[in-house]
Amino acid sequence: MICQMYYPMHNSFPKPFRFAVGDRILGECAECLKAIVLANAVDKKNAQGCAEGSAQVRRVRAGLEVIRGFLLMAWKMRFLSHGGASGLLTHIESVSKQAARWQQWFEQQALGT
């Protein structure tokens, strides 16, 4: 959902910002999606798989913070409307909370609790 919301905004950024920062946002989105797929693919029945899943979800959470920072920069530079920023940041917050719960689950499974 974040990628779908962001992409139309990306195309409206000024060209220098779009290539310097906007492409990094798209790259972070792609890395987050990759980490989600990898976390989902781990063997959830053993501690090592759960530890790897937790590490992948940690990457997702870090990527979301990078995306959040870039979007705030775009908003402060007035390349992103208040409504656009608000909508995207709300979704990022929701995904971040879900990822935190997912990471906690992986960590509990890795510890055997």
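Residues numbered from 1 in each chain as written. Predicted model: local features only at pLDDT ≥ 70, side-chain atom pairs only at ≥ 80, totals over all residues. Heavy atoms only, no water.

(A) Broad picture of the packing of aromatic side chains. Under the counting rule described, the total for this entry stands at five aromatic pairs. Taken together, a centroid distance of 5.1 Å and an interplanar angle of 85° make the contact between Phe 13 and Phe 17 edge-to-face. Note on Phe 13: relative accessible area 2%, which makes it buried. Geometrically, the ring pair formed by Trp 102 and Phe 106 is tilted, given 5.6 Å between the ring centres and 35° between the ring planes. Taken together, the residues span about one helical turn, with Trp 102 and Phe 106 both in helix H4 (residues 82-111) at a distance of four residues. Using a relative accessible area of 0% as the deciding quantity, one classes Phe 106 as buried. (Phe/Tyr/Trp six-rings, centres within 6.5 Å; stacked < 30°, edge-to-face > 60°. Buried < 20%, exposed > 50% of the residue type's maximum accessible area, 1.4 Å probe, protein only. Helix = DSSP H or I, 4+ residues; strand = E, 2+ residues; numbered from the N terminus.)

(B) Main features of the pattern of salt bridges. Scanning the model with the defined rule gives three salt bridges in all. Notably, a salt bridge pairs Arg 68 with Glu 65, separated by 2.8 Å at the nearest N-O pair. Of this pair, Arg 68 and Glu 65 both sit in helix H3 (residues 47-76), three residues apart, which is roughly one turn of the helix. Given the relative accessible area of 16%, Arg 68 is considered buried. The salt bridge partner of Glu 93 is Arg 68, with a shortest N-O separation of 3.1 Å. Of this pair, Glu 93 sits in helix H4 while Arg 68 sits in helix H3, placing them 25 residues apart in sequence. Shared partners join several salt bridges into a network, and the residues in it are Glu 65, Arg 68 and Glu 93. (Salt bridge = Lys/Arg side-chain N within 4 Å of Asp/Glu carboxyl O.)

(C) Looking closely at the nonpolar core. Grouped together as the largest cluster of nonpolar side chains are 21 residues, with contacts concentrated most on Ile 25, Ile 67, Leu 71, Leu 80 and Ile 92. Elements that contribute at least two residues to this core include exactly helix H1 (2-12), helix H2 (15-41), H3 and H4. The contact partners of Leu 80, leaving out residues within four places of it in the chain, are Met 9, Phe 13, Leu 71, Ala 74, Trp 75 and Ala 85. (Core = buried A, V, L, I, M, F, W, Y, C linked by side-chain atoms within 4.5 Å. Contact = heavy atoms within 4.5 Å.)

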